[in-house]
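# Structure at a glance
What follows is each chain in one-letter form.
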Amino acid sequence: MMKKPLLMVLSIAMVAVCAGCGKESVANGDTVQNVLQGKNGHSADEQLILAVRECLQRCEAAYRQDSALFVQVCVGGNHEAFFSLTDIGEALRQQVIFLHGEKVRTFMRDNPDYELDTVCAGCEDASLSALCGTVVSLSRVLREIAALDAVGRYEPFAQIHAEVSDCELQCKRKFQDTDPRLLECLLNCKLTVCLIDAYEYLRVVMSTHTTEEQQ
């Protein structure tokens with residue numbers, strides 16, 4: 001059974017994320033095929049984590065490369081342009097959708113009476129705008145962390161996990177597998193977990209930085 005307190009925090013954070021939303025073209029050598037080949041020998045959960053992490057890294061890279069274009073594409077709801085801009089191809093999208101679908105089916109089989117009790121900020125029709133807002137927020141937090149953290153070893157996508165959240169269940173319930181908004185919605189759910197962790201890390205770094213200045 002899922003941990004309700006964490007899910008409620010996730011829900012609140014997603015609602016708070018601004019819908020304002022950036023392109024770093026992924027290097028041509030970093031192809032989808034290379035990503036999928038690198039997953040050989042991994043469990044289904046590990047493959048899902050790697051695939052989701054790759055998608056999120058490409059989103060963040062695209063925003064850093066050309067924030068204005070990223071915003072324009074996302075706010076305009078141009079799904080085809082978004083996937084082209086982030087270099088998230090069909091193979092990678094299907095990898096996430098299939099593996100995540102298996103996780104959802106397993107969860108619902110094991111928890112037939114489970115009731116959703118959180119709000120999904122990325123489950124409305126403007127799922128691409130919601131994802132955009134989360135990407136923008138995370139990028140800003142990472143810049144603040146980089147300015148204060150002398151070590152510079154923070155990994156924003158380390159919190160990605162295969163466990164299915166209420167948010168993801170609602171995405172799956174609302175959108176069909178063939179709907180591009182499903183992947184966008186799922187990525188927003190996963191990325192929000194990273195954003196929450198980044199905010200907490202920033203809080204700790206700021207506290208440490210202030211203490212050192214006072215000494």
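Look up a bit, the structure's there.
Below, the structure is looked at part by part.

### Details of the overall build of the protein chain
Counting its secondary structure elements, the protein chain contains nine helices and zero strands. Listing the helices and strands of the protein chain from first to last along the sequence gives α-α-α-α-α-α-α-α-α. Within the span of the protein chain, comprising 215 residues, buried residues form 47% of the whole. Counting only carbon and sulfur atoms, one obtains 52% of the accessible surface of the protein chain, whose full area is about 10800 Å².

### Some remarks on the packing of helix α3 (residues 44-65) against helix α5 (residues 79-86)
Orientation of α3 relative to α5, taken along the N-to-C sense of each, is 90°, at an axis distance of 8 Å. Here α3 lies roughly perpendicular to α5, going by the angle between them. Contacts from Arg58, Cys59 and Ala62 of α3 reach α5 at Phe82, Leu85 and Thr86. When the residues that make up the contact of α3 with α5 are grouped by side-chain class, the tally is four nonpolar, one polar and one charged.

### Regarding the state of the cysteines
Scanning the entire structure with this criterion turns up two disulfides. The partner cysteine of Cys167 in its disulfide is Cys189, sulfur to sulfur 1.9 Å. Torsion about the S-S bond of the Cys167 and Cys189 cystine: about -70°, corresponding to left-handed handedness. One end of the pair, Cys167, is in helix α8 (residues 166-174); the other, Cys189, is in helix α9 (residues 180-214), and 22 residues separate them in sequence. Judged by relative accessible area, Cys167 falls into the buried class, the value being 2%. Left without a disulfide partner, Cys59 is nearest to the cysteine sulfur of Cys55, which lies 6.8 Å away. By relative accessible area, Cys59 is classed as buried at 1%.

### With respect to the nonpolar core
Phe70, Phe82 and Leu191 are the most contacted members of the largest nonpolar core, which totals 46 residues. Within the residue set of this core, elements represented by two or more residues are α3, α4 (67-75), α5, α6 (90-110), α7 (127-148), α8 and α9. With 11 residues, α9 is the single largest residue contributor to this core. When near neighbours in sequence (up to four residues on either side) are disregarded, Leu191 contacts Leu56, Leu131, Thr134, Val135, Leu138 and Phe157. Val104, Phe107, Tyr114 and Val164 belong to the second largest nonpolar core, which has five residues in total.

### Description of unusual backbone geometry
Unlike most non-glycine residues, Asp87 shows phi in positive territory, near 60°. Turning to its location among the elements, Asp87 is positioned in the loop between α5 and α6. Take Asp87: its relative accessible area is 31%, and that puts it in the partly exposed class.

### Some remarks on the packing of aromatic side chains
Considering all chains together, one arrives at five aromatic pairs under this definition. Consider the rings of Phe82 and Phe83, whose centres lie 5.3 Å apart with planes at 65°: the pair is edge-to-face. Both residues of the pair, Phe82 and Phe83, count as buried. Above the plane of the ring of Phe83 lies Arg93, whose end atom (NZ or CZ) is 4.2 Å from the centre.

### Re the pattern of salt bridges
Working definition: two side chains of opposite charge can pair if their charged atoms are close together. In total, this model carries 11 salt bridges according to the counting rule given. Glu54 is paired through a salt bridge with Arg58; the nearest N and O atoms lie 2.6 Å apart. Here Arg58 and Glu54 lie together in helix α3, a separation of four residues that amounts to about one turn. By the burial criterion, Glu54 is buried, and Arg58 matches it. The closest approach of N and O atoms between Arg58 and Asp87, which form a salt bridge, is 3.7 Å.

Calculation criteria
- The residue count restarts for each chain, going from 1 along the sequence in the order it is written.
- With pLDDT at 70 or above as the cut-off, local features in this predicted model cover only qualifying residues; side-chain atom pairs require 80 or more to be listed or tallied, and sums for whole chains, interfaces and linings still use all residues.
- The side-chain quantities take in all heavy atoms of the structure and omit both hydrogens and water.
- A run of DSSP states H or I qualifies as a helix once it reaches four residues; a run of E qualifies as a strand once it reaches two. Both are numbered from the N-terminal end.
- The classification of residues rests on relative accessible area computed with a 1.4 Å probe and restricted to protein chains. Under 20% of the type maximum is buried, over 50% is exposed, and intermediate values are partly exposed.
- The protein chains shown are the only cover counted for residues, whose accessible areas, like all others here, come from Shrake-Rupley with a 1.4 Å probe.
- Each axis is a line fitted through C-alpha atoms, taken for helices only over the stretch in contact, and angles between the N-to-C directions span 0 to 180 degrees.
- Angle categories are assigned with fixed cut-offs, so that under 35 degrees is roughly parallel, over 145 is roughly antiparallel, 65 to 115 is roughly perpendicular, and the rest are oblique.
- Contact criterion: two residues are considered in contact whenever any of their non-hydrogen atoms come within 4.5 Å of each other.
- Gly is placed with the polar residues, together with every amino acid not listed as nonpolar (Ala, Val, Leu, Ile, Met, Phe, Trp, Tyr, Cys and Pro) or charged (Asp, Glu, Lys and Arg).
- The rule for a disulfide is simple: a pair of cysteine sulfur atoms within 2.5 Å.
- Put simply, buried Ala, Val, Leu, Ile, Met, Phe, Trp, Tyr and Cys residues joined by side-chain atoms within 4.5 Å make one nonpolar core.
- Note on aromatic pairs: the rings of Phe, Tyr and Trp (six-membered ring only in Trp) are paired at centre separations within 6.5 Å, and the planes decide the class, stacked below 30 degrees, edge-to-face beyond 60, tilted for the rest.
- When the NZ atom of lysine or the CZ atom of arginine is within 6 Å of a ring's centre and also within 35 degrees of its normal, the charge is said to sit over that ring.
- Salt bridge, as applied in this entry: a Lys or Arg side-chain nitrogen positioned within 4 Å of an Asp or Glu carboxyl oxygen.

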